[in-house]
Each structure stands twice: as structure tokens, then as C-alpha cells.
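# Fold and contact review
What follows is the residue order along each chain.
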Amino acid sequence: MTTTTTTTPLEAMTASEPTVLWNDSADPRELAQSIAWGAVGATCNPVIAVSCVKADLPRWSDRMAQIAAERPTASESQIGWQVVEEISLEAAAMLLPAYEKFGGRNGRLSMQTDPRLARDAVALADQAEAFSRVAPNVIVKIPATAKGIAAIEDAVARGVSINVTVSFSVPQAIAAAEAIERGMATREAAGHDVSAMGHVVTIMVGRLDDWLKDCVARDGVDIDPTYLEWAGVAAFKRAYGIFQERGFRSRLLSAAFRNTKHWSEFVGGDVVISPPFAWQQRIQDECEVVVEDRMAIPVDPAIIDALSELPEFRRAYDPDGMTIAEFDGFGATRKTMRQFLGADEELDHLVRDILVPAP
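Our subject in this report is the structure included herewith. Computed from a predicted structure; not experimentally measured.

Thresholds applied
- Residues numbered from 1 in each chain as written.
- Predicted model: local features only at pLDDT ≥ 70, side-chain atom pairs only at ≥ 80, totals over all residues.
- Heavy atoms only, no water.
- Helix = DSSP H or I, 4+ residues; strand = E, 2+ residues; numbered from the N terminus.
- Rg over C-alpha atoms; globule rule 2.2 N^0.38 Å.
- Buried < 20%, exposed > 50% of the residue type's maximum accessible area, 1.4 Å probe, protein only.
- Areas by Shrake-Rupley, 256 points an atom, 1.4 Å probe, with all protein chains shown as cover.
- Disulfide = S-S within 2.5 Å.
- Pairing = 2+ DSSP bridges.
- Contact = heavy atoms within 4.5 Å.
- Axes fitted to C-alpha atoms, helices over the stretch in contact; angles between N-to-C directions.
- Salt bridge = Lys/Arg side-chain N within 4 Å of Asp/Glu carboxyl O.
- Parallel < 35°, antiparallel > 145°, perpendicular 65-115°, else oblique.
- Left-handed = near helix turned anticlockwise from the far one by under 90°.
- Nonpolar A, V, L, I, M, F, W, Y, C, P; charged D, E, K, R; others polar.
- Core = buried A, V, L, I, M, F, W, Y, C linked by side-chain atoms within 4.5 Å.
- Polar contact = N/O pair within 3.5 Å; in protein donor to acceptor, adjacent residues only side chain to side chain.
- Expected span 1.5 Å × (residues − 1).
- Bend = angle between axes of the 7 residues up to and from the residue.

To continue, consider the overall build of the chain. For the chain, the helix and strand inventory stands at 15 helices and eight strands. For a compact globule of 359 residues, the expected C-alpha radius of gyration is about 21 Å, and the chain comes in at 20 Å, within 12% of that figure. Across its three principal directions, the C-alpha atoms of the chain cover 60 × 55 × 50 Å. In the chain, which comprises 359 residues, the proportion classed as buried is 55%. Element-wise, carbon and sulfur atoms account for 51% of the exposed surface of the chain, whose accessible area totals about 14,700 Å².

If you walk through the whole model with that rule in mind, you get zero disulfides. Left without a disulfide partner, Cys44 is nearest to the cysteine sulfur of Cys52, which lies 5.8 Å away. For Cys44, a relative accessible area of 1% translates into the label buried.

Below, the discussion takes up the sheet that holds strand β8 (residues 272–273). Pairing is parallel across the open sheet formed by eight strands, whose spatial order is β1-β8-β7-β6-β5-β4-β3-β2. The open sheet is flanked by β1 (20–21) and β2 (41–43), the only strands paired with a single partner. Running over the sheet, helix α7 (residues 146–157) touches β4 (138–143) and β5 (162–165) and is turned about 155 degrees from β4.

Moving on to the environment of Gln33. Take Gln33: it is sitting in helix α2 (residues 28–36). A residue is classified by how much of its surface remains accessible, and Gln33, at 32% relative accessible area, is partly exposed. Residues Gln33 and Gln280, spaced 247 residues apart in sequence, show a C-alpha to C-alpha distance of 9.9 Å.

Going through the model one piece at a time under the given rule, you end up with 26 salt bridges. One salt bridge in this structure joins Arg158 and Glu129, with 2.7 Å as the shortest N-O distance. Taken together, the residues span a long stretch of sequence, with Arg158 in the loop between α7 and β5 and Glu129 in helix α6 (residues 121–132) at a distance of 29 residues. By relative accessible area, which is 26% here, Arg158 ends up partly exposed. Between Lys237 and Glu265 there is a salt bridge whose closest N-O contact spans 2.8 Å.

Right, let's get into the packing of α7 against helix α8 (residues 170–189). Close contact between α7 and α8 brings their axes to 7 Å; oriented N to C, the two are set at 30 degrees. Considered as vectors, α7 and α8 are oriented roughly parallel to each other. Here α7 runs over α8; the crossing is right-handed. Contacts between α7 and α8 pair Ile149, Ile152, Glu153, Val156 and Ala157 from the former with Ala175, Ala176, Ala179, Ile180, Arg182, Gly183, Met184, Thr186 and Arg187 from the latter. Of the residues contributing to the contact of α7 with α8, the split by class is nine nonpolar, two polar and three charged.

Counting 115 residues, the largest nonpolar core has Ile87, Ile152, Leu252 and Phe313 as its most contacted members. Apart from residues no more than four positions distant in its own chain, Leu252 is found in contact with Ala173, Val201, Ile203, Phe236, Ala239, Tyr240, Phe243, Val271 and Val272. Among the nonpolar cores identified, the runner-up in size contains nine residues, and Val20, Ala98, Val200 and Val272 belong to it.

A few words on the environment of Arg251. By secondary structure assignment, the location of Arg251 is in strand β7 (residues 251–255). For Arg251, a relative accessible area of 4% gives the class buried. As for Arg251 and Ala185, which are separated by 66 residues in sequence, their C-alpha atoms are 17 Å apart. In this view, Arg251 contacts Val20, Trp22, Arg105, Asn106, His199, Val200, Val201, Asp270 and Val272; residues no more than four positions away in its chain are not counted.

Take the side chain of Asn163 next. Of note, Asn163 is situated in strand β5. In this structure the side chain of Asn163 is engaged in a polar contact, spanning 2.8 Å, whose partner is the side chain of Thr202. Excluding its chain neighbours within four sequence positions, the residues that come into contact with Asn163 are Ser110, Ile139, Val140, Lys141, Ile142, Val200, Thr202 and Leu253.

A word on helix α5 (residues 76–101). If you check α5, its first and last C-alpha atoms are 38 Å apart, about what 26 residues at 1.5 Å a residue would give, namely 38 Å. At Leu95, α5 shows its largest kink, close to 50 degrees, and the proline Pro97 lies no more than four residues downstream. Gly103 lies just past α5 and shows a positive phi near 60 degrees.

Have a look at this one:
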């Protein structure tokens, strides 16, 4: 598969399965353009919701005021999360035709569970089940933490399609896929049809790169900086091989883009590529990479050898590099959870400015 003079990179990729494009945003204007390029999925979470609110502040300020009037006892958080739900509903409606076309495998809108519930597996599964009822094509994000792995199995057994998030490593991806399989087996044993469930396991490839760069800077490690751009790619490709070998029914999803390799290296795989809209524009307008099947091409062994000198890379790349109990302490996990919690707080502040305007 190669590009032509009239076909853009993303259009060339999406013209032929199995690799598919999802939009890492629920902004309706961005999503409409991404769908025109072939996108068949999208994401909403507190960070994205804050961006959507800020991008159309007059509209959402009015809506927050209306919600406050309709729900006079609702907290800032409850009002903010209703906005997240409404943004998600709009995006889900735009994706419904793809959901029907692909029989549930695509056409999904990802909603994220509240990071403030991260210490309670039952609360995570309960919220996931509630979110799954918002629209038929909702897929729910649960983090690949110790409590999150338990919540994933529980939610899948209840019939929830899952997008595993806060996931950066091969051991996290494997543990999440195994939890999904256990949940599917439980549901099948109860006599339910699971054929329309559309689970994906995210590896936030760029955030793994970011964490290793932090470690190198902190520890004063001498390594070719270009090698650090390959860490997430290497972890994703290794996880993909294991998913294929073990026959997991979930697909891998590439997220948290930092360079064009985070899409071009995965073309040809039965995977989801989910760039932020700005990265999609960049790929479409600037990228000269030939679109071809590269999933089966391994990362240069010399790069793997150099990266393997870093303990945190070994933890992320080795299938047994971390136990489930160790997921919460991984640096990329801590950084990402703090960002998601910070976005929750920012959303609360946006609501507060409506409820209690500054004098």
C-alpha cells in the first residue's frame, strides 16, 4: 500500500483494513474532519472535555448555568461530568453509522471513568456500566492500574466494552487483555453474546518515551537521544506480537503521539491509531513518509540493546517486567494520573466560575 499524488497519508492508511483511525478528541468540528479522512472512533476524557469547553466557552458556559438551574443541589463535579457526558453524546451520534457498519468493532466513542475513583475497583466498574448505557456505541476507559485491572474484568463480565487507558507497557497490555478475556469468558458462560463487544488496549507510546527522557535527564545517562523516540514503538510492536500469538480478542491502540513513527510504524497491523487532531493535520499536510505495512518490521536491535540499559525501559518492554501490583508505581502511570486528576480540578474551576462568578 503506497500513497499517490491524490491520496493523503491517513486516507491511504484507512482505505484498506485492518489498521483503522480514531480521533483523539470529541470536538465536533475536529471529529467531522477526521471522519472525512476515514476515522471510525473518537475519545472524550476530562482533559479533552476541558479543551472542548474552552474551544466553545460561550456555549458551554450557558449550558453549565442551565444544568445548575435544573439540578440545584448538584456539585461542581456533578455538573462538570454532565458536560463531559453531553460532549460524549454528540460525538457518539456522529460515529453511530460506523458503529453499525462495523458491527460494534469500530464506531466507538470512548468515555473515561473518573480518575478520583481509581482506588475503588467496584466504583470504577459501576461507573463504566453506567457510561455504557449513555449510547449504544460507547466504549469505557478504565486505567491499567492494580484496581483498574480488577475493574476491567468485572465491567467486561457485565457487558461493558473497554478501552484500557493509563497503559504504557507490555506487562500492562498483557494483564489488561487477560482481564478482558476472563470477563468475556464469564459473560459467555452466562449465555451472553459477546460478538459485538469492541475492546481495545491502549499503549500511550509517547508517554513512555516522555518518562524515559525524564529518567535519562534525572540520572545523567549518556544515550543517543534519537533512540528514546523508539521506546514506545518497540513496546507496542512487542505487545502486538504477543497479542497475535495468544489470540487475544482485544486490539491494541496507539495513543499519546510525539512523532510520526507513532502511526507509520504500526500501519498494517490489526490495530487502532488514535492521534490528536493536530497530529492528524500534521501528518496530512507535512508527512512525507510512504504509507506501507511496517508492523512486522522490528525495531533496530542496536536501539533495543541501548534502551535495555535503562531499567525503566526493561520494566516496560519485558512481558514480566512488572507485576500488576507494581503498575501504580510506574513513573508514567503516576504522571498521567496526576494530569487526569488536574483536569478534573480544572473542569471544577470552570463550573465554579459560572456558579460563583468572581466579584
